[in-house]
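# Structure assessment
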Amino acid sequence: MEELPDFDIGGGEKLIEMESYDDEDLLGWLFKDDLQNIELVELNIAPENPGLAPQLQPQAPSQNPLAPKPVEVERPTVSGLQKSQKRFKTVTPEELKDLQDSRQAKSTKQNTKWGVKVFQEWCMEALDQVFDFATTETEELNNVLAKFYAEATPKFSEKRGKEMSTAQSKEYHKNSMKNIRAAINRHIHDLDRDIDIVRDKEFRKANETLDGKLKKNLEKGLSRQQNINRL
C-alpha cells in the first residue's frame, strides 16, 4: 500500500489531507500491517428509552363534510287504540265465495252454465273427454277453441225448424256463438285463471276462426242478428 502524502505544518506535526481518500485507504494507512486482522462490524444502536420512540398514530377515516346526512323519517304510530269488545264479524270461506258469486246476475250464471255445457258436449263427441279448463295450457286451449268454433252446431228441434229454414236451423246465429264464447270466458275467470279468450293475443287463431265462420254464415244467409230461444 502506498504511503499517504502528508504536509508539514511546523513543530514536527504533519497534517494529512483526508478529503481525497476513501475509508479503506485511511484504514490501511492507520493500521498498515494489521489490516488483515481488522473486521468491520455493523452496529445497530437502539434508543435508550424505547418508550420515547415516536409512535405512528392511526389516522381516522376521512370524512367528507359535504356528504349528505341520513334523514330520519318519523313513522306514523297508532295511539289510543285498545282491543275491546269484538266489532267485526268473521266470515267462512263458503260465505266469502258466495259474496264473490253474487257479483253476477242469476241470468248471467245460467248463460255461463249453458255455454260451458255446449262446449263440453262437443268435447265428449270430438275429443272423447271432458275438457279441463283449470290446467290446460294456453296454446292447447287456443287450438281446441278454434276447432270448436268451426264445428259447433245446435241441436235440431221442431221449434227451430218452424222458426227458420232448414239450413239456418243447423247453425248457431252470430249472437249465440258470441254468447257461448263469453260464457266460456267467464267460466275460466271463475277458476282464477288470468287469461282472456276474447282479448288476449294468444287466442287470435281461435277468434279469427270464429269471425270467419260468422261472416261466411251471414253471407250465405245462415245467420240471423236477432236473438232466438236456445234449445
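In the block above lies the structure referred to throughout.
The sections below set out a description of the structure shown in this document. Sequence positions are assigned chain by chain, starting from 1 and proceeding in written order. Residue-level local features of this predicted model are given only where pLDDT is at least 70; pairs of side-chain atoms are given and counted only at 80 or more, and the full residue set underlies all totals for whole chains, interfaces and linings. Excluded from the side-chain calculations are hydrogens and water; all other atoms, namely the structure's heavy atoms, are used.

### Here we look at the overall build of the protein chain
Secondary structure elements follow DSSP: runs of H or I no shorter than four residues count as helices, runs of E no shorter than two count as strands, and numbering proceeds from the N terminus. Scanning the protein chain from N- to C-terminus turns up eight helices and two strands. Sequence-ordered secondary structure for the protein chain, helices as α and strands as β, is β-β-α-α-α-α-α-α-α-α. Accessible surface is estimated by sampling points in the Shrake-Rupley manner with a 1.4 Å probe; for residues, cover comes only from the protein chains shown. When the accessible surface of the protein chain is totalled, it reaches about 19200 Å², and 50% of it is carbon and sulfur.

### Describing the environment of Y149
As for its position among the elements, Y149 is in helix α4 (residues 138-151). Setting aside its immediate chain neighbours within four residues, Y149 contacts M177, R181, I197, A206, L210 and K213. Residue contacts are defined here by distance: any two heavy atoms, one from each residue, within 4.5 Å place the two residues in contact.

### Some details on the packing of aromatic side chains
For any pair of aromatic rings, geometry is given as the distance between the ring centres together with the angle between the planes. Stacked, tilted and edge-to-face are the three classes assigned to paired rings of Phe, Tyr and Trp, where Trp is represented by its six-membered ring and a pair needs centres within 6.5 Å; plane angles under 30 degrees give stacked, over 60 edge-to-face, the rest tilted. Applying the stated criterion across every chain yields a total of seven aromatic pairs. Each ring, one from F119 and one from W122, has its centre 6.0 Å from the other, and the planes form 35 degrees; the classification is tilted. Placement of the pair is F119 and W122 together in helix α3 (residues 106-126), with a separation of three residues, close to one helical turn. Aromatic side chains F148 and Y149 sit 5.8 Å apart centroid to centroid with 50 degrees between the ring planes, which places their arrangement in the tilted category. Three exposure classes are used, based on accessible area relative to the maximum for each residue type with a 1.4 Å probe and protein chains only: buried under 20%, partly exposed in between, and exposed over 50%. The class of Y149 is buried, set by a relative accessible area of 0%. Ring-pair connections join several aromatic residues into one group, and the members of that group are F119, W122, F131, F133, F148 and Y149.

### So, the pattern of salt bridges
For this analysis, a salt bridge means a side-chain nitrogen from Lys or Arg found within 4 Å of a carboxyl oxygen belonging to Asp or Glu. In this structure the tally under the stated criterion is five salt bridges. A salt bridge links D190 to R103, with the nearest nitrogen and oxygen atoms 2.9 Å apart. You can see D190 sitting in helix α7 (residues 174-190) and its partner R103 sitting in the loop between α2 (93-101) and α3, a full 87 residues away along the chain. Judged by relative accessible area, which is 32%, D190 ranks as partly exposed.

### Focus on unusual backbone geometry
Located in the positive-phi region is D128, a residue other than glycine, with phi close to 60 degrees. Relative accessible area serves as the criterion here: at 63%, D128 is assigned to the exposed category. The phi torsion at D192 lies on the positive side, around 65 degrees, for a residue other than glycine.

### Let's talk about α3
Any helix carries an expected span of 1.5 Å times its number of residues minus one. Taking 1.5 Å of rise per residue, the 21 residues of α3 would be expected to cover 30 Å, and the 30 Å separating its terminal C-alpha atoms lies within 8% of that figure. Regarding α3, the residues found buried are N111, T112, W114, G115, V116, V118, F119, Q120, W122 and C123. In this structure, the buried side of α3 is in contact with α4 and α7. Following α3 by one or two positions, D128 has its phi on the positive side, about 60 degrees.

### Some remarks on the packing of α4 against helix α8 (residues 204-219)
Contact pair α4 / α8: the axes reach a minimum separation of 7 Å and the direction vectors enclose 10 degrees. Regarding the angle of α4 to α8, the classification is roughly parallel. Here α4 contributes N142, N143, L145, A146, Y149, A150 and E151 to the contact with α8, which in turn contributes R204, K205, A206, T209, L210 and K213. Here the residues of the contact of α4 with α8 are counted per class, giving six nonpolar, three polar and four charged. A fitted line through C-alpha atoms represents every axis, and for helices the fit uses only the stretch in contact; the resulting angles, taken between N-to-C directions, go from 0 to 180 degrees. Relative orientations are named as follows: roughly parallel for angles under 35 degrees, roughly antiparallel for angles over 145 degrees, roughly perpendicular for angles from 65 to 115 degrees, and oblique for any other angle. Residue polarity is assigned by list, with Asp, Glu, Lys and Arg as charged and Ala, Val, Leu, Ile, Met, Phe, Trp, Tyr, Cys and Pro as nonpolar; anything else, Gly included, falls into the polar class.

### Here we look at the packing of α4 against α7
Running from N to C, α4 and α7 cross one another at 155 degrees; their axes reach a closest spacing of 12 Å. Here α7 runs roughly antiparallel to α4, going by the angle between their axes. Classified by chirality, the crossing of α7 by α4 is right-handed. For the pair α4 and α7, the contacting residues are L141, L145, F148 and Y149 in the first and M177, I180, R181, I184 and I188 in the second. Residues that form the contact of α4 with α7 fall into these classes: eight nonpolar, no polar and one charged. It is the rotation of the near helix from the far one that decides the hand of a crossing: anticlockwise by less than a right angle makes it left-handed, clockwise makes it right-handed.

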